[in-house]
Amino acid sequence: MDAAVLIVVAVIILVVLFVLVRSVRIIPQARAAVVERLGRYSRTLTPGLTVVVPFIDKVRPLIDLREQVVSFPPQPVITEDNLVVSIDTVIYFQVTDPRAATYEIANYIQAIEQLTVTTLRNVIGGLNLEETLTSRDQINGQLRGVLDEATGKWGIRVNRVELKAIDPPHSIQDSMEKQMRAERDRRAAILTAEGTKQSQILTAEGEKQSAILRAQGDREARVLQAEGQARAIETVFAAIHAGNPDEKLLSYQYLQMLPQIAQGSANKVWIVPAELNKALEGFGKAFVPGATTAAAPAPSGNGSKPAPPIATPEQTAAAEAAAEAAAREAQRAVEDAASSTPGGERPL
């Protein structure tokens, strides 16, 4: 009797413990569980300690409420220009309604994958290869909009859609590499040509500035040289006037300058002026005996100028002989100067 009572008590205790274990459920953080009572949806269990009715309430598997990342295998997609490209996609989604994710769709992961493939083919089918490679943001936005709208009733929110890789055929890749290489070569040639152009422009500007500076230097040098010559002429002219030379000295200097006038390499023809006779006559008078030593008569008491001295016949003959000698000497100097000029031209 006592043994039977102990067995019954033990069985009751085990049943009570089993009921308690089946009645108490602990839901982890960022998880949710759907409770079915007699096969129908009852409630959604939130994180924490929860009590359910054993044998009446059924708790379905936990649902992860965190954002999940799913990477789908490469899918062949045909572009608008009939090229097959392989595209890898990555989906970032999150379950927002555990009840809808449990009862509205049987397998939301598979459903998202298939929806992504079909939407991707529709989007890529309206783009050519160049637009497909350069419009990732546009494709991502269109995929996210279509997926978020379709999965909304499933209790799922699609946060992001990313194209992980777009792989065109190998032949297209080779052609693209050649095109990019040609484009880089073209840009390099353009940059080289622009550099050469700028270099030539700068060189021309430098030569221009150099020529301008040289011309300005030559002009200033010539101006300074002309000013120096002018000042020298003025100084000589002032010195001559200050010395008050007489006709004899001027005639002698004129005769000395005649050979120098004929010595230039460009002086092929030169003219003897008519004043040469007067110069020779004055030069001859300088050699007249007593002409320079004769004293002038004293001035008269009435202030009139003294009368010039009267030359004697001997003085006149001596002056003429000296003039003839000076003329022959000048003629000889002229002939020597003419013979030394290029071409041997004789003076007029």
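Let me begin by describing the structure that accompanies this report. (Residues numbered from 1 in each chain as written. Predicted model: local features only at pLDDT ≥ 70, side-chain atom pairs only at ≥ 80, totals over all residues. Heavy atoms only, no water.)

Some remarks on the overall build of the chain
So, point 1. For the chain, the count of helices and strands is nine helices and nine strands.
So, point 2. Per-residue burial over the chain gives 24% buried out of 348 residues.
So, point 3. Considering only contacts within the chain whose residues lie at least 6 apart along the sequence, 65% involve residues at least 24 apart.
So, point 4. Split by element, the accessible area of the chain, about 23700 Å² in all, is 58% carbon and sulfur. (Helix = DSSP H or I, 4+ residues; strand = E, 2+ residues; numbered from the N terminus. Buried < 20%, exposed > 50% of the residue type's maximum accessible area, 1.4 Å probe, protein only. Contact = heavy atoms within 4.5 Å. Areas by Shrake-Rupley, 256 points an atom, 1.4 Å probe, with all protein chains shown as cover.)

What to know about a nonpolar patch on the surface
So, point 1. On the surface, a cluster of nonpolar side chains totalling about 780 Å² of accessible area is made up of V5, V8, V9, I12, I13, L14, V16, L17 and L20.
So, point 2. The residue L20 is located in helix α1 (residues 2–23) in this model.
So, point 3. For L20, a relative accessible area of 47% translates into the label partly exposed. (Patch = residues over 30% accessible without salt bridge, like charges linked within 9 Å, V, L, I, M, F, W, Y side chains within 5 Å. Salt bridge = Lys/Arg side-chain N within 4 Å of Asp/Glu carboxyl O.)

Some points on unusual backbone geometry
So, point 1. Of note in the backbone geometry, L38 takes a positive phi value of approximately 55° without being a glycine.
So, point 2. Turning to its location among the elements, L38 is positioned in the loop between β2 (31–37) and β3 (40–45).
So, point 3. Of the residues examined, L38 reaches a relative accessible area of 69% and is grouped as exposed.
So, point 4. Positive phi values are uncommon outside glycine, yet N82 reaches one of about 60°.
So, point 5. Examined against the element boundaries, N82 turns out to sit in the loop between β7 (68–78) and β8 (84–95).
So, point 6. Classification of N82 as exposed rests on a relative accessible area of 65%.

Quick word on the sheet that holds β8
Within a sheet, each strand pairs with its neighbour through backbone hydrogen bonds, oriented either parallel or antiparallel.
So, point 1. Taken together, three strands build an open sheet; the order of strands is β7-β8-β9 and the sheet is antiparallel. In this open sheet, the two edge strands, each paired with only one partner strand, are β7 and β9 (156–167). When the angles between neighbouring strand axes are averaged without regard to direction, this sheet yields 25°.
So, point 2. By the bridge criterion, 10 bridges tie β8 to β9 in an arrangement that is antiparallel. Across the sheet, residue V90 finds its bridge partner in β9, namely E162.
So, point 3. The strands touched by helix α3 (residues 108–124) within the sheet are β7, β8 and β9, with β7 carrying the most contacts at an inclination of about 40°. (Pairing = 2+ DSSP bridges. Axes fitted to C-alpha atoms, helices over the stretch in contact; angles between N-to-C directions.)

Things to note about the pattern of salt bridges
So, point 1. Counted by the stated rule, this structure contains seven salt bridges.
So, point 2. When the shortest N-O distance is used, the salt bridge between R66 and D64 registers 2.9 Å.
So, point 3. Taking the relative accessible area as the measure of exposure, R66 reaches 44% and is therefore partly exposed.
So, point 4. Residues R186 and E183 are paired through a salt bridge, measuring 2.4 Å at the closest nitrogen-oxygen approach. Note that R186 and E183 are positioned in helix α6 (residues 170–243) at a spacing of three residues, about one turn of the helix.
So, point 5. Judged by its relative accessible area of 24%, E183 is partly exposed.
So, point 6. The structure contains a network of salt bridges with shared partners spanning R31, D64 and R66.

A word on the packing of aromatic side chains
So, point 1. What the rule picks out here adds up to three aromatic pairs.
So, point 2. Relative to F55, the ring of F18 has its centre 5.8 Å away and its plane inclined at 40°; by these criteria the two rings are tilted. Within this pair, whereas F18 is found in helix α1, its partner F55 is found in the loop between β4 (48–51) and β5 (57–59), the two being separated by 37 residues in sequence.
So, point 3. Take F18: its relative accessible area is 41%, and that puts it in the partly exposed class.
So, point 4. Between the aromatic rings of F93 and Y108, the centroid separation amounts to 6.1 Å while the plane-to-plane angle is 75°, which identifies the pairing as edge-to-face. With F93 in strand β8 and Y108 in helix α3, this residue pair connects regions lying 15 residues apart in the sequence. Grouping residues by exposure puts F93 and Y108 together as buried.
So, point 5. One residue, R99, lies across the ring of Y41, its end atom 5.2 Å from the ring centre. (Phe/Tyr/Trp six-rings, centres within 6.5 Å; stacked < 30°, edge-to-face > 60°. Lys NZ or Arg CZ within 6 Å of the ring centre and 35° of its normal.)

Remember that the coordinates give geometry; whether it matters functionally is a separate question.
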